[in-house]
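Results of the structural survey
As a plain string of letters, each chain reads:
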Amino acid sequence: MNDRQLGEDARVSGRSAARPVVLLSQHFTAEAVTPLRHLLAARVTAAGLSGDNGDDFVLAVHELVTNAVRHGGGSGHLDLRQVDGVLVCEVTDHGAGSDALPVDLPPVHVPGGRGLWLAHQLTGALMLTRRPDGITATVSVCLIRQTAAAVAQQSPAAGADGMVDASAIEGEQE
Amino acid sequence: MSPKLTWQHQIHAEGERKTIVLSGEIDMNGAPRLQDLLHAAVDNADVVEVDAAAVTFIDSSVISALITARNTAATNGRHLSLVNASPQVHRVLDVTGVLNALTVKSGRR
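A few points on the structure.

Here is what the cut-offs are and how they apply
- For every chain, the first residue of the written sequence is number 1, and numbering continues from 1 along that sequence.
- As a convention, the first chain written is A and the first ligand written is 1, with the rest following in written order.
- Where totals are concerned, whole chains, interfaces and linings use all residues; where local detail is concerned, this predicted model gives features only for residues with pLDDT of at least 70, and gives and counts side-chain atom pairs only at 80 or more.
- Whether two residues are in contact is decided by their C-beta atoms, placed from the backbone, lying within 7 Å.
- Comment: elements are numbered from the N terminus, with helices defined as DSSP H or I runs of at least four residues and strands as E runs of at least two.
- Each residue is assigned to one of three groups, with Ala, Val, Leu, Ile, Met, Phe, Trp, Tyr, Cys and Pro labelled nonpolar, Asp, Glu, Lys and Arg labelled charged, and all others, Gly among them, labelled polar.
- Two strands form a pair only when DSSP identifies at least two bridges running between them.
- Here an angle of 0 to 180 degrees is reported between the N-to-C directions of two axes, which are lines fitted to C-alpha atoms, with helices fitted over the stretch in contact.

Here's the deal with the interface of chain A and chain B
Taken together, the 22 residues of chain A in the interface contact 21 residues of chain B. Sort the elements by how many residues they give to the side of chain A that touches chain B and helix H3 (residues 51–71) of chain A lands first, with 6 residues. Broken down by class, the residue content of the side of chain A that touches chain B amounts to 11 nonpolar, 7 polar and 4 charged.

Examining the sheet that holds strand E1 (residues 21–29) of chain A
Residue and element names in this part refer to chain A. The 5 strands are arranged E1-E2-E3-E5-E4 in an open sheet whose pairing can be described as antiparallel. Sheet topology places E1 and strand E4 (126–131) at the edges, where each strand pairs with a single neighbour. With direction set aside, neighbouring strand axes in the sheet form an average angle of 15°. Note that E1 and strand E2 (residues 75–83) share 8 bridges and pair antiparallel. Within E2, the residue paired with glutamine 26 across the bridge is leucine 78. The strands touched by H3 are E1, E2, strand E3 (86–93) and strand E5 (134–142); relative to E3, the strand with the most contacts, the crossing angle is about 10°.

Geometric descriptors of this kind do not, in isolation, establish any biological role.
Right, dumping it as structure tokens:
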């Protein structure tokens, strides 16, 4: 892959290339769950996803991390990437079990089993992949749409013009 | 790296009624201590209220602890409910469908 050529293409087309930008890549165990969430929140905010949308995405990822620690062999790996205007977070574990993955909501009196439901509901885009040696769980959120909505809320005049939102986002991406 | 304490609690007892005031962030690393706290409370009081006004983060493991304690209380004819849910707590309980079950006040006061 030729980085310089990609960069030139991006400049010519006037928008960032669809090359994934790694924002965070970290191994985790149970002790790291809390600091990892704080780090993730900072990176997600820096990427332009703030407020309730940012909180929802961070909680969704946190549930996947918790799931990996609890049911996926006690540890895992988190990768947060930005691909154009989409934030993608992949949580990989090495759980040996072949238990069913409960994404459905349990009845109110059942204590557990709501983690994957939360991740799904908060992002609307949960993907679970069973590998021979574990599970890969992926959530994503559209950065451009969320940021545009936030801009529209703050300033109806600017929000009416979609181009204003797009240029603002590219400025933040550097 | 040892996990830091990310949340605190205060207990106010008034006769057969206890209020547990929580604050901070509670996740899977804090849930076991919360579970112990809630079980001790429902063992010793007929009515337990969990005040979540100053709670800035909960996850599904906290819901598990709350539902487990509520079930234990109900089995013994006692009541546990959550009051003053902060916006984050309200959102998580709402999305997971347990908001009413955990916040509806019992008839016994």
